[in-house]
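Inside the fold
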Amino acid sequence: MTIYGHGIRTLGVLGSGQMGLGIAYVAALRAKVPVLLHDRSSAQIQKGLALMDRLLEKDVAKGKIKAEEAKEARDRVSVVPPEKGMSGLQDVDMVIEAVSESLPLKQAIFGSLAADLPPSTILASNTSSISITKIAASTIPEGHSASSKEGLQSPSRVVGLHFFNPVPVMKLVELISGLQTSQETMERAKAFAMACGKEVTSSQDVPGFVSNALLMPFINEAIMCLEKGIATRDDIDKTLKLGMNHPMGPLQLADFIGLDTCLAIQQTLYQGTGDSKYRPSILLERMVDAQWLGKKSGKGFYDYS
Ligand code: CAA
């Protein structure tokens, strides 16, 4: 039996929001691999790099890492500018996609990645709820059937690698296999997550996987409690923080994750299972309509301005 190491000499990270940046950070600092960061927005890339600089400085100031380690990690990260497109990731051994939770967006991205990158490149998604099987199917070139040899090569290299926010701190990565994912892809992706300093759990490819099939209904129920006037925002969060020792209450956690992301995941659970118990709270829908998206937009259940 072959035992695979990760074999990743260079990593591509697609999307430099809070998740993509965190993944680039642990890959450069912990796995010590060169990282190519790509985003369709230059402003977002600059914002991400500035955050990385701040995180590295903070870790040096706290004595968690040495100044040379921080410099080496920062030097491992370079940028593929928007105008180069995804073909700028040609030479990487694995890409981790960390863009918004939208199936059409991910399908378009994986279609392009499969067309532009060599067949040996592992294509991982940091999706928190969307079917890896569906994302993998989008790599089948047009005009090829899934049963043709060429058609099968692409989907078998697609895998779910679900990191948690804040990535530098949270110890877990959830590993998800689509129906088409090969054993080699699974083992190499797992080995890479471990090289980033993470523990790995496996989940089947069901809506929300294990983490969000449990977390999002919990957050959604907390929002419904608020909606129904069962308790105040502060009392809901305090109950869970002091009563159950959660580091954040569910409403504060929803703000931290992003209310648009919470809604997208809850909709995936609702549509993917057809079970009414997953119906998103109307208050959550309205807050997203209002662009009150939590910490990132300055307003959610709490104010951050
Ligand atoms: N990036 C990097 N490091 C961060 C950070 C960030 N954004 N925020 C906090 N930290 C670090 C701090 O530097 C600090 O490090 P040290 O221990 O080395 O000093 C440590 O985390 C603790 O931070 P603080 O003392 O400032 O604050 P805290 O004790 O309140 O912890 C927290 C902050 C770690 C975010 C904590 O509140 C927590 O664990 N909250 C729950 C987070 C959670 O549940 N995340 C999962 C969300 S779900 C998800 O991501 C997936 C999904 O699919 C939706």
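About the cut-offs
- Residues numbered from 1 in each chain as written.
- Predicted model: local features only at pLDDT ≥ 70, side-chain atom pairs only at ≥ 80, totals over all residues.
- Helix = DSSP H or I, 4+ residues; strand = E, 2+ residues; numbered from the N terminus.
- Rg over C-alpha atoms; globule rule 2.2 N^0.38 Å.
- Buried ≥ 20, exposed ≤ 12 C-beta atoms within 10 Å, placed from the backbone.
- Contact = placed C-beta atoms within 7 Å.
- Domains from an automatic or database assignment.
- UniProt positions renumbered as here; feature names shortened; annotations may be inferred.
- Near = placed C-beta within 6 Å.
- Nonpolar A, V, L, I, M, F, W, Y, C, P; charged D, E, K, R; others polar.
- Expected span 1.5 Å × (residues − 1).
- Pairing = 2+ DSSP bridges.
- Right-handed = clockwise from strand over helix to strand, strands pointing away.
- Axes fitted to C-alpha atoms, helices over the stretch in contact; angles between N-to-C directions.
- Core = buried A, V, L, I, M, F, W, Y, C linked by C-beta atoms within 7 Å.

**Considerations on the overall build of the protein**
From N to C terminus, the protein includes 12 helices and 8 strands. A compact globule built from 305 residues should have a C-alpha radius of gyration of about 19 Å, and the protein, at 20 Å, falls within 12% of that. Along the first, second and third principal axes, the C-alpha atoms of the protein reach 55 × 50 × 40 Å. The burial tally for the protein puts 44% of its 305 residues in the buried class. Within the protein, residue pairs in contact and separated by at least 24 positions form 69% of the contacts whose partners lie at least 6 positions apart.

**Details of the domain arrangement of the protein**
According to the domain assignment, the protein consists of domain 1 (11-203) and domain 2 (211-296). Between domain 1 and domain 2, the contact holds 7 residues from the first and 8 residues from the second.

**Section: the UniProt feature "binding site: NAD(+)" (unreviewed entry) in the protein**
Mapped onto the present numbering, the UniProt feature "binding site: NAD(+)" (unreviewed entry) falls at Gly15, Ser16, Gly17, Gln18, Met19, Gly20, Asp39, Glu101, Lys106, Ser128, Asn165 and Lys296. Positionally, Met19 belongs in helix α1 (residues 18-31). Given 24 C-beta atoms within a 10 Å radius, Met19 is considered buried. Overall, Gly20 belongs to the buried group, with 25 C-beta atoms counted inside 10 Å. Not counting residues up to four positions away in its chain, the partners in contact with Gly20 are Val13, Leu14, Gly15, Gly48 and Ala98.

**Overview of the site of the ligand**
Neighbouring residues of the ligand: 17 residues in total, closest Ser128, Phe164, Asn165, Pro166 and Pro247. At the level of secondary structure, the elements contributing two or more residues to the shell around the ligand comprise α2 (42-61), α8 (209-227) and α10 (250-257). Grouping the amino acids of the shell around the ligand by side-chain chemistry returns 10 nonpolar, 4 polar and 3 charged. Both domains that furnish three or more residues to the shell around the ligand are identified here as domain 1 (11-203) and domain 2 (211-296).

**Side note on α1**
Under the 1.5 Å per step criterion, the end-to-end length of α1 is 19 Å for 14 residues, consistent within 8% with the ideal 20 Å. Most of α1 sits out of view: 13 of its 14 residues are buried. Lys32 lies just past α1 and shows a positive phi near 60°.

**Description of the pairing of strand β8 (residues 199-203)**
Both strand β7 (residues 172-177) and β8 contribute to a ladder of 5 bridges, which runs parallel. If you follow Glu174 over to β8, its bridge partner there is Thr201. For the crossover from β7 across helix α7 (residues 183-195) to β8, the handedness is right-handed.

**Overview of the environment of Leu11**
With respect to the helices and strands, the residue Leu11 is situated in strand β1 (residues 11-14). The class for Leu11 is buried, based on 28 C-beta atoms found within 10 Å. Separated by 101 residues in sequence, Leu11 and Ser112 place their C-alpha atoms 17 Å apart. Look past the residues within four positions of Leu11 in its chain and what remains in contact with it is Ala27, Val33, Val35, Val92, Met94 and Ile96.

**Details of the UniProt feature "site: Important for catalytic activity" (unreviewed entry) in the protein**
UniProt marks His162 with the feature "site: Important for catalytic activity" (unreviewed entry), using the numbering shown here. Position of His162 relative to the elements: it lies in strand β6 (residues 158-163). Not counting residues within four places of it along the chain, the set of residues in contact with His162 comprises Asn126, Thr127, Ser128, Val173, Glu174, Ile176, Phe209 and Ser211.

**Brief notes about the sheet that holds β6**
One open sheet holds the 8 strands; their spatial order is β3-β2-β1-β4-β5-β6-β7-β8, and the pairing between them is mixed. Only two strands of the sheet have a single partner each, and these edge strands are β3 (77-80) and β8. Direction aside, neighbouring strands of the sheet carry axes that sit 25° apart on average. With 4 bridges joining them, strand β2 (residues 35-38) and β3 adopt parallel strand pairing. Looking across to β3, one finds that His38 is bridged to Val80. Across the sheet, helix α4 (residues 103-116) touches β1, β4 (94-97), β5 (122-125) and β6, and the angle it forms with β5 is around 170°.

**A short note on the environment of Gly22**
Along the chain, Gly22 turns up in helix α1. Look at Gly22 and you get buried, because 25 C-beta atoms sit within 10 Å. Along the backbone, Gly22 and Leu55 are 33 residues apart, and their C-alpha atoms lie at a distance of 9.6 Å. Apart from residues no more than four positions distant in its own chain, Gly22 is found in contact with Phe163, Asn165, Pro166, Val167 and Pro168.

**What to know about the nonpolar core**
Core analysis: the biggest nonpolar cluster contains 58 residues, and Ile23 and Ala24 have the highest contact counts within it. Ranked by residues supplied to this core, first place goes to α1 with 10 residues. In this structure, Ala24 is in contact with Val13, Val35, Leu37, Met52 and Val77, ignoring residues within four places of it in sequence.

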